[in-house]
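# Commentary on secondary and tertiary structure
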Amino acid sequence: MSESVVHLLKSTAISHAMVNSIWLWPLCETLHFIGLALLIGSAGLLDLRLMGFLRRVPLAAAMQLRPWAALGFVINLVTGTLFFIGAPGQYIDSPVWWGKLAFLAVAMINIAVFETRQGRRLLMLADGADTPLGCKLAGAVSITSWFAVMYLGRMLPFIGKAF
Amino acid sequence: MMEYLAALEGSAFSTWLRESSSIWAYPTVLTLHTVGLAVVVGANWAIDLRVLGLARAIPLDALASTFRIMWIGFWVNAVSGVMLFAADPTTKGTTRLFMGKLVLIAAAVTVMIATKRLLYGRAARAGGATRSAKALAVASLVLWVSAIAAGRLMAYI
């Protein structure tokens, strides 16, 4: 199964371009790092506020950082997908990559739970107020999973033998 | 100069960093360098975007403490960066791209300090996001993007 997926992806024009162009891969890597800084900067600040730090930032205002976190995430989803299409085998065979995807899933589920259960209620919270426990938990899970995603991503070439 | 770089490269510490198969040698230092980058650049960009008028509901005053977060990221990267240099000094020490990266970082940090002074220093005006603050914010965005690009391209030389 995975072998045929790898074979199929490697036969695409995108895959050929990623591997054969000298500048495409480094360009995507640079964009991946830019997206990472944007995501960690904006999501990280919101997470800290959700956890009850930086209380002078009104929660409703901190929530305005979400589109910037989303932009960083989309940049990295697109460039990350291009890496995968470029060299699918080295990712599929790497346990570290699957770990990275697992933490990505945790981050996504956390966002879904947070947005449906807590998001709107928090906007009513008074400026400078402490946050409820569920909210602190959402912030802590978010910041932990994003740093884990980053850690495992950077460790890809060093753990296991897929690269 | 080259002799000093070669001596450093031959030192036990450099050799360990470069050749050890331990996950705690080169891989961990490199990963810390990425984490530190995300912290210093990410927090700095959050301020820059706010100064440029995005997420306006956030009071600028409330973001003063993010500079402490930036300095933590900066020092993580200063230390991990020196270690990455020590692992490979004869190549890095003679590469224009590396010199360019250092200049870009020096400029970005200078802009970061100037931004803090302008927004929170004694002469800071209420409201904060003046034209000069906006110019610094644009410079900060551009300089960090360039420094990241230079750093990433180091892997290809």
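Residues numbered from 1 in each chain as written. Chains lettered and ligands numbered in written order. Predicted model: local features only at pLDDT ≥ 70, side-chain atom pairs only at ≥ 80, totals over all residues.

### What to know about the overall build of chain A
- Of regular secondary structure, chain A possesses eight helices and zero strands.
- Scanning chain A from its N terminus toward the C terminus, one meets helices and strands in the order α-α-α-α-α-α-α-α.
- Principal-axis analysis of the C-alpha atoms places the extent of chain A at approximately 55 × 30 × 25 Å.
- Within chain A, buried positions represent 34% of all 163 residues. (Helix = DSSP H or I, 4+ residues; strand = E, 2+ residues; numbered from the N terminus. Buried ≥ 20, exposed ≤ 12 C-beta atoms within 10 Å, placed from the backbone.)

### Focus: the interface of chain A and chain B
- Taken together, the contact pairs 30 residues of chain A with 28 residues of chain B.
- Listing elements by their share of the side of chain A that touches chain B, those giving two or more residues are helix H3 (24-50), helix H4 (59-62) and helix H8 (133-155) of chain A.
- The biggest single contributor to the side of chain A that touches chain B is H3 of chain A, with 13 residues.
- Grouping the amino acids of the side of chain A that touches chain B by side-chain chemistry returns 22 nonpolar, five polar and three charged. (Contact = placed C-beta atoms within 7 Å. Nonpolar A, V, L, I, M, F, W, Y, C, P; charged D, E, K, R; others polar.)

### Some details on the confidence of the model for chain B
- Chain-level pLDDT for chain B is 93 on average; 97% of the residues reach the 70-or-more range.
- Predicted confidence in chain B is weakest over helix H1 (residues 2-10) of chain B, with a mean pLDDT of 91, and strongest over helix H4 (residues 66-87) of chain B, with 97. (pLDDT = per-residue confidence, 0-100.)

### Notes on the nonpolar core
- Ala37, Leu39, Ile40 and Trp146 of chain A together with Ala38, Ala108 and Ala147 of chain B are the most contacted members of the largest nonpolar core, which totals 66 residues.
- Residue contributions to this core peak at 12 residues, all from H3 of chain A.
- Excluding its chain neighbours within four sequence positions, the residues that come into contact with alanine 108 of chain B are Ser140, Leu143, Trp144 and Ala147 of chain B. (Core = buried A, V, L, I, M, F, W, Y, C linked by C-beta atoms within 7 Å.)

### A closer look at the packing of H8 of chain A against helix H3 (residues 26-51) of chain B
- H3 of chain B packs onto H8 of chain A with a crossing angle of 140 degrees between their chain directions and a minimal axis gap of 9 Å. Relative to H3 of chain B, the element H8 of chain A lies oblique. Between H8 of chain A and H3 of chain B the crossing geometry is right-handed. Seen from H8 of chain A, the contacting residues are Phe147, Met150, Tyr151, Arg154 and Met155 of chain A; seen from H3 of chain B, they are Pro27, Leu30, Thr31, Thr34, Val35 and Ala38 of chain B.
- Class assignment of the residues belonging to the contact of H8 of chain A with H3 of chain B gives a composition of eight nonpolar, two polar and one charged. (Axes fitted to C-alpha atoms, helices over the stretch in contact; angles between N-to-C directions. Parallel < 35°, antiparallel > 145°, perpendicular 65-115°, else oblique. Left-handed = near helix turned anticlockwise from the far one by under 90°.)

### Some words on the packing of H3 of chain A against H3 of chain B
- Two numbers describe how H3 of chain A lies on H3 of chain B: the axes approach to 7 Å, and their chain directions differ by 65 degrees. As the angle between them shows, H3 of chain A and H3 of chain B are arranged roughly perpendicular. In the crossing of H3 of chain A with H3 of chain B, the sense of the turn from one axis to the other is right-handed. On the side of H3 of chain A, the interface is formed by Phe33, Leu36, Ala37, Leu38, Ile40, Gly41, Ser42, Gly44 and Leu45 of chain A, while H3 of chain B contributes Leu37, Ala38, Val39, Val41, Gly42, Ala43, Trp45 and Ala46 of chain B.
- Grouping the constituent residues of the contact of H3 of chain A with H3 of chain B by class yields 13 nonpolar, four polar and no charged.

### Thoughts on H3 of chain B
- With 26 residues, H3 of chain B extends 37 Å between its outermost C-alpha atoms, agreeing within 8% with the 38 Å of an ideal straight helix rising 1.5 Å per residue.
- In the stretch just after H3 of chain B, glycine 53 of chain B is the one whose phi turns positive, near 105 degrees. (Expected span 1.5 Å × (residues − 1).)

### Section: the environment of isoleucine 14 of chain A
All names here are of chain A.
- You can see isoleucine 14 is positioned in helix H2 (residues 13-20).
- Residue class for isoleucine 14 comes out partly exposed when judged on the 13 C-beta atoms lying within 10 Å of it.
- In this structure the C-alpha to C-alpha distance between isoleucine 14 and phenylalanine 83, which are 69 residues apart in sequence, comes to 9.8 Å.
- Each residue touching isoleucine 14, except ones within four places of it in the same chain, is listed here: Leu82 and Ile85.

### Considering unusual backbone geometry
- At leucine 54 of chain A, a residue that is not glycine, the phi angle is positive and equals roughly 45 degrees.
- Structurally, leucine 54 of chain A is set in the loop between H3 and H4.
- Backbone geometry places alanine 55 of chain B, a non-glycine residue, at a positive phi of 50 degrees.
- The topology assignment puts alanine 55 of chain B in the loop between H3 and H4.

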